[in-house]
Amino acid sequence: MKDASISRASMDAMIAHAEREFPFECCGFLIGDSTTEEVRPIANIQNRKHAEDPAAFPRDARTAFLMEPKEHLAVMNEVDRRKLELRAVYHSHPDHDAYFSATDRAQACSFDPSEPDYPDTIYIVKSVRAGKFVRAAAFAWDPEKKEFAEINLRCQ
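Residues numbered from 1 in each chain as written. Predicted model: local features only at pLDDT ≥ 70, side-chain atom pairs only at ≥ 80, totals over all residues. Heavy atoms only, no water.

## Comments concerning the side chain of His-93
One can find His-93 in strand S4 (residues 85-94). In this structure the side chain of His-93 is engaged in a polar contact, spanning 3.1 Å, whose partner is the side chain of His-91. The contact partners of His-93, leaving out residues within four places of it in the chain, are Glu-25, Ala-98, Tyr-99, Asp-104, Val-125, Lys-126, Ser-127 and Val-128. (Helix = DSSP H or I, 4+ residues; strand = E, 2+ residues; numbered from the N terminus. Polar contact = N/O pair within 3.5 Å; in protein donor to acceptor, adjacent residues only side chain to side chain. Contact = heavy atoms within 4.5 Å.)

Structure follows, in structure tokens:
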């Protein structure tokens, strides 16, 4: 598995988003190509869904995220229209470590539990404790093991 590399500006934008949303999880995308890279924050509607139906959505946004569908689709349409790549999906773990949880895996494999929705996309999880960024970790799909594995994340 190869390392992942993103720009320092993109990492800083994702960190700022995570700190701004604390104590709730943030979520979003990193899109781009060989010459451009752009962070696209997406609203986390987990609190709204939890308030509407706590039985169906037992967790609130302190421990879960659900991307606002219209914003999610708008970014996917932009990727297609501009012929870009979905480089990363990111979210934060408020007051928890940066790890890829079973829930994160289930969301990443929402259409087929044995394959990710975006197999060539990395997933970045940021740990934010007491409102301050602590650590980011990146995960990529390992097709041989059929599992996500942590990879090195470099910021340049």
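Now that the structure has been shown, we can carry on.
## Regarding the pairing of strand S5 (residues 122-129)
Within S5, seven of the eight residues are buried, leaving the element largely enclosed by the surrounding structure. Both S4 and S5 contribute to a ladder of seven bridges, which runs parallel. Among the inter-strand pairings, Val-89 is bridged to a residue of S5, identified as Tyr-123. You can see the chain leave S4, run along helix H4 (residues 102-108) and come back into S5, and the turn it takes is right-handed. Relative to strand S6 (residues 132-142), S5 runs antiparallel, the two sharing seven bridges. Note on S6: the bridge partner recorded for Ser-127 is Arg-135. If you look at the hairpin formed by S5 and S6, you'll find two residues sitting between the two strands, and Ala-130 has a positive phi there, around 55°. (Buried < 20%, exposed > 50% of the residue type's maximum accessible area, 1.4 Å probe, protein only. Pairing = 2+ DSSP bridges. Right-handed = clockwise from strand over helix to strand, strands pointing away.)

## Details of the pattern of salt bridges
Side-chain pairs of opposite charge can arise where the charged atoms are in close proximity. Counted according to the given criterion, the structure contains 14 salt bridges. In this structure, Arg-154 and Asp-3 form a salt bridge, with 3.7 Å as the shortest nitrogen-oxygen distance. You can see Arg-154 sitting in strand S8 (residues 153-155) and its partner Asp-3 sitting in the segment before strand S1 (4-6), a full 151 residues away along the chain. With relative accessibility at 43%, the residue Arg-154 sits in the partly exposed group. Lys-49 is the salt-bridge partner of Glu-52, the closest N and O atoms lying 3.8 Å from each other. Taken as a pair, Glu-52 and Lys-49 lie in helix H2 (residues 46-52) at a separation of three residues, close to a single helical turn. Residue classification places Glu-52 among the exposed residues on the basis of a relative accessible area of 54%. With relative accessibility at 22%, the residue Lys-49 sits in the partly exposed group. A single salt-bridge network, built from bridges that share partners, covers Glu-38, Arg-40, Glu-78 and Arg-82. (Salt bridge = Lys/Arg side-chain N within 4 Å of Asp/Glu carboxyl O.)

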